[in-house]
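# Structural overview for review
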Amino acid sequence: MNADRATGSDATASTTHSSRRTFLARAAVASALPLAAGLLGAGEAQAAAVLPDYAPIPEASKGPALNDRGYFVGRIDGDLHWVTDSSYQAMFLTTRQGVVLVDAPPTIGHNLLRAIEEVTRANGRPRKVTHLVYSHSHADHIGAASIFGRDVVRIGHTETARFLRRDADPNRPAPTLTFDDHHVLQVGGERLELAYHGPNHSPDNIFVYAPKQETLMVVDVLYPGWVPFKNLAVSQDIPGWLRAHGIAMRYPWRTLVGGHLGRLGARADGHLQQRYLADLQTSVRDTVSSLDPAPFFGKYGPAGNSWAVFAAYLNAVAEQAAAPVIADYLGILAAADVFTKDNAFGLLESLRIDAGLLGPFGIRP
Ligand SMILES: [Zn+2]
């Protein structure tokens with residue numbers, strides 16, 4: 001009886017939530033397309049016509065259901081917990097002295113406080129966040145740092161501090177404690193090992209390891225159950241980002257917090273992403289050596305439009321290289337049809353400028 005009632009109220013709440021979401025989505029589409037809306041009349045028919053359809057998300061890529069507030073909080077192991085809004089993730093340790101939080105994604109925002117309150121109410125530990133670790137300087141992962149106030153020890157890499165002083169974003173106060181290579185954070189009987197292994201996704205991205213819980217948090221590198229975000233996670237150092245996969249896998253973790261999407265990672269997720277990237281790299285190399293560049297030069301060269309030569313050629317390589325990889329990974333990695341072409345483009349550009357695989361733009365004979 002109780003269970004029935006609970007199910008009923010959950011269903012109502014989620015209906016309300018999803019109709020609000022649908023409304024916001026429609027409003028966003030309508031405002032982005034004032035001309036189309038004016039010509040065609042408002043309604044979801046034209047929104048559906050404008051926005052592409054994608055393959056369904058595999059069940060194995062989905063995380064736990066969110067509550068009415070739009071978040072899920074769960075225990076990883078012992079006093080280590082994680083929070084997600086199904087798009088971003090943070091993790092926190094409850095200790096005898098206070099909470100150690102790693103990252104403060106703005107989309108989770110004040111739900112971080114609710115999640116911490118929920119966990120500490122149940123385990124009796126102090127709920128105040130005393131330490132905040134930054135994985136890297138990017139606003140989408142730490143842009144809610146300001147809600148924890150000034151009275152918190154903020155820990156980050158030296159470069160993170162430099163970027164944050166430069167950016168002067170009031171929502172991302174600079175770290176108060178910085179390190180260059182390694183830092184061991186011990187608070188109230190709990191331990192996190194922070195390490196810098198060189199530039200990858202960003203110049204300052206660090207690895208956060210919880211040895212007792214055998215959990216690694218490294219953000220914007222591994223995407224459990226999904227293909228990486230656009231252009232290889234918009235990484236600034238692609239060879240460094242690829243190398244970071246191997247570094248991550250050398251840690252003896254059992255659980256991975258990737259900072260994105262709705263679920264945690266297992267080691268098989270790491271191996272699968274490495275395989276996806278290796279397959280994509282092979283396909284890009286094959287396409288560079290097989291695709292005839294003559295038509296691109298022939299069409300745009302005579303008019304002197306160099307950028308059109310590059311745009312059309314690079315686009316064609318990315319599209320052709322992505323096609324077999326999309327076919328292989330659809331249903332295995334979520335959104336293979338959304339970002340594989342962009343990821344092929346990212347690999348192609350890195351193969352060109354980092355590895356010197358220049359294709360038709362190499363040393364002139
Ligand atoms: Zn980032």
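Source: prediction; values computed, not measured.

A count of helices and strands for the protein gives 12 helices and 12 strands. A total of 365 residues make up the protein; the buried ones form 38% of that total.

This part is about the sheet that holds strand S5 (residues 129-133). The strand order across the open sheet built from 7 strands is S1-S2-S3-S4-S5-S6-S7, with neighbouring strands paired in mixed fashion. A strand with exactly one partner marks an edge of an open sheet, and here the two such strands are strand S1 (72-77) and strand S7 (177-179). This sheet shows a mean twist of 20 degrees between the axes of neighbouring strands, independent of strand direction. One ladder, built from 4 bridges, connects strand S3 (residues 89-94) with strand S4 (residues 99-102); its direction is antiparallel. Paired with Phe92 across the strands is Leu101, a residue of S4. Set on the sheet, helix H4 (residues 111-123) makes contact with S1, strand S2 (80-84), S3, S4 and S5; between it and S3 the angle comes to about 30 degrees. Along the sheet face, helix H6 (residues 158-167) touches strand S6 (153-157) and S7 and points at about 105 degrees away from the line of S6.

Through backbone hydrogen bonds, the strands of a sheet pair up, either in parallel or in antiparallel fashion. The mixed open sheet is built from 5 strands, whose spatial order is S8-S9-S10-S11-S12. Unpaired on one side and paired on the other, strand S8 (182-187) and strand S12 (255-257) mark the two borders of the sheet. This sheet shows a mean twist of 20 degrees between the axes of neighbouring strands, independent of strand direction. Summarising the sheet, S8 and strand S9 (residues 190-196) pair through 6 bridges and their orientation is antiparallel. Bridging across to S9, Gln186 finds its partner in Arg191.

Along the polypeptide, Ala323 turns up in helix H11 (residues 306-329). In this structure Ala323 comes out as partly exposed when scored by C-beta crowding, with 15 C-beta atoms within 10 Å. Separated by 43 residues in sequence, Ala323 and Leu280 place their C-alpha atoms 9.7 Å apart.

For the protein, per-residue confidence averages 90 on the pLDDT scale, and residues scoring 70 or more make up 87% of the total. A low-confidence stretch, residues 1-38 stays under pLDDT 50, and its non-local contacts, those more than four residues away or across chains, total 11 contacts.

Counted at 1.5 Å a residue, the expected span for helix H9 (residues 267-290) with its 24 residues is 34 Å, and the 35 Å between its end C-alpha atoms agrees. Residues of H9 that are buried: Asp269, Gly270, Gln273, Tyr276, Leu280, Ser283, Val284, Thr287 and Val288. Taken together, the buried residues of H9 touch helix H8 (238-250), S12, H11 and helix H12 (336-353).

Time to look at the environment of Leu256. Position of Leu256 relative to the elements: it lies in strand S12. Between the C-alpha atoms of Leu256 and Tyr223, which are 33 residues apart in sequence, the distance is 9.5 Å. Residues within four places of Leu256 in sequence aside, it is in contact with Leu216, Leu222, Pro224, Leu264, Gly265, Asp269 and Gly270.

When you tally the buried positions in S8, you get 0 out of 6 residues, a small fraction of the element. Between S8 and S9, which follow one another and run antiparallel, lie 2 residues, and Gly188 among them has a positive phi close to 50 degrees.

It is the contact of H11 with H12, at a shortest axis distance of 8 Å, that shows an interaxial angle of 135 degrees. Considered as vectors, H11 and H12 are oriented oblique to each other. Read as a crossing pair, H11 and H12 show a hand that is right-handed. On H12, the residues touching Leu314, Val317, Ala318, Glu319, Ala321, Ala322, Val325, Ile326 and Tyr329 of H11 are Ala336, Asp337, Thr340, Lys341, Ala344, Phe345 and Leu348. Of the residues belonging to the contact of H11 with H12, the class tally is 12 nonpolar, 1 polar and 3 charged.

What counts, and at which threshold
- Residues numbered from 1 in each chain as written.
- Predicted model: local features only at pLDDT ≥ 70, side-chain atom pairs only at ≥ 80, totals over all residues.
- Helix = DSSP H or I, 4+ residues; strand = E, 2+ residues; numbered from the N terminus.
- Buried ≥ 20, exposed ≤ 12 C-beta atoms within 10 Å, placed from the backbone.
- Pairing = 2+ DSSP bridges.
- Axes fitted to C-alpha atoms, helices over the stretch in contact; angles between N-to-C directions.
- Contact = placed C-beta atoms within 7 Å.
- pLDDT = per-residue confidence, 0-100.
- Expected span 1.5 Å × (residues − 1).
- Parallel < 35°, antiparallel > 145°, perpendicular 65-115°, else oblique.
- Left-handed = near helix turned anticlockwise from the far one by under 90°.
- Nonpolar A, V, L, I, M, F, W, Y, C, P; charged D, E, K, R; others polar.

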